[in-house]
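# Results of the structural survey
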Amino acid sequence: MAALLEVLASIPAAVWSGLLGALLALSGVLLSNRGNTQRLKVQLAHDAAEKAKERTATLRRETCLRTVESLANVSAFLGGLPQADLAKANATEALQGFLAAAARLQLVGEPKTALLVSELAAAYGELLLRLMVDLQPMQLLRAEIAACDAFHDKAQAEINRLLGEMSKLDETAQPHPAVFQALSRTLDFHRGRAAELNAERIRHGLRFAELQAVFIRHLFAEMKHIGAQQIPVLVEIRRDLGLGGDLTAYRSQLEAQHQRVAEQLDRTLAALQAAAPPGAAA
């Protein structure tokens, strides 16, 4: 121990000064590196959080706009249901598009928006099920009318063929009474069949028109209520998008527009009811 102290005592002061300076410099470098590392970690965390927010905002914006766009197509889709062939895979494409967009919005939207759009999607689903009661007989009539069209076209083709055969027979200038009479009998049969099919097609068409009027009356009555549910959804979507403006004033505008539409629907319903034939379904 004494020897170590003698060795240390023999080291010049200048050496100790150099060692102390080097030690201080090393400490400064270590402290600076630690500070830079901490700042880099904080910066990386902040950048990651900002990118996550940006991705969420972009996804939310795209989903909100798609939901609003698909919502605008649902009313037209419902009004065109009587003419749609529900057996086809794309018959309910418009409603399916809205329901899919609404499901995505429930995942990325704010809790209030998710709840409101969920209730609206459920309301449209329930409305479609109620309308199916009116649609079922119309779908059957559409099938009957299509069948009448097909058989009528076939009978008309036979009529044209027989007329052609009779014309050729006349052009030969040779009497074939038995053949001509056979063609005439067959022609009369197909003409009678075509007339029956045409009359049946007209009856089905008139009945379809009656059922379509009933469907429209029911749809208008339902849209008055479901339209009111769309207002808070649109307000909350606008809030989620961070768009400027007075949301209270925006809601008031939507409510005023809905009131005007509802009043027009009432007038249209009254006109349809007045025009309905006696004994028609309400």
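Quick note: structure is the one above.
Below you will find a few notes about this structure. Everything numeric in this text was worked out from a predicted model, so none of it was measured. Residue positions are given per chain, counted from 1 along the sequence in the order it is written. A pLDDT threshold of at least 70 governs which residues receive local features in this predicted model, and a stricter bar of 80 or more applies before side-chain atom pairs are shown or counted, although totals over entire chains, interfaces and linings include all residues. With hydrogens and water excluded, all non-hydrogen atoms of the structure serve as input to the side-chain values.

## A closer look at the overall build of the protein
When helices and strands are counted, the protein shows six helices and zero strands. Expressed as a percentage of its 282 residues, the buried residues of the protein come to 27%. Residue contacts are counted whenever heavy atoms from the two residues lie within 4.5 Å of one another. Of the contacts formed within the protein by residues at least 6 apart in sequence, a portion of 79% connects residues at least 24 apart. Only the protein chains shown count as cover for residues, and all accessible areas are computed by the Shrake-Rupley method using a 1.4 Å probe. Counting only carbon and sulfur atoms, one obtains 61% of the accessible surface of the protein, whose full area is about 17,900 Å². For helices the rule is a DSSP run of H or I covering at least 4 residues; for strands it is a run of E covering at least 2, with both sets numbered from the N terminus onward. We call a residue buried when its accessible area falls under 20% of the maximum for its residue type, exposed when it is over 50%, and partly exposed in between, using a 1.4 Å probe and counting protein chains only.

## Notes on helix α3 (residues 93-108)
Working rule for helices: expected span equals 1.5 Å times residues minus one. Relative to the 22 Å expected for 16 residues at 1.5 Å per residue, α3 spans 23 Å between its end C-alpha atoms, a close match to the ideal helical length. Listed as buried for α3 are Leu95, Phe98, Ala101, Ala102, Leu105 and Val108. Looking straight down α3, one finds its buried side chains confined to an arc of 150°; they lie on one side. In α3, the exposed positions that point more than 90 degrees away from the buried face belong to Glu93 and Leu107. The reported arc concerns the directions from the helix axis to the C-beta atoms and nothing else.

## Focus: the layout of surface pockets
In this structure, the largest pocket occupies an estimated 420 Å³ of space. Around the largest pocket, the lining comprises 18 residues; the ones closest to its centre are Met223, Gly227, Gln230, His258 and Val261. Mapped onto the lining of the largest pocket, the elements with two or more residues apiece are α2 (13-79), α5 (177-241) and α6 (247-275). Side-chain classes follow a simple rule in which Ala, Val, Leu, Ile, Met, Phe, Trp, Tyr, Cys and Pro form the nonpolar group, Asp, Glu, Lys and Arg form the charged group, and the remainder, Gly included, forms the polar group. For the lining of the largest pocket, the class distribution of residues is 12 nonpolar, five polar and one charged. In this analysis the probe radius is 1.4 Å and the grid spacing 1 Å, with only protein atoms considered; a cavity is a set of points the probe fits into but cannot get out of, a pocket is an open set with protein on both sides within 12 Å along at least five of seven lines, and lining residues have an atom within 4 Å of a point. Grid points are joined across faces, edges and corners, and a volume is the space filled by probe spheres set on the points.

## Digging into the side chain of Thr67
With respect to the helices, strands and loops of the structure, Thr67 is situated in helix α2. On the accessibility criterion, Thr67 (1% relative accessible area) is buried. Setting aside residues no more than four positions away along its own chain, Thr67 makes contact with Phe98, Ala101, Ala102, Leu105 and Val117.

Bear in mind that shape data such as this cannot, by itself, settle questions of function.
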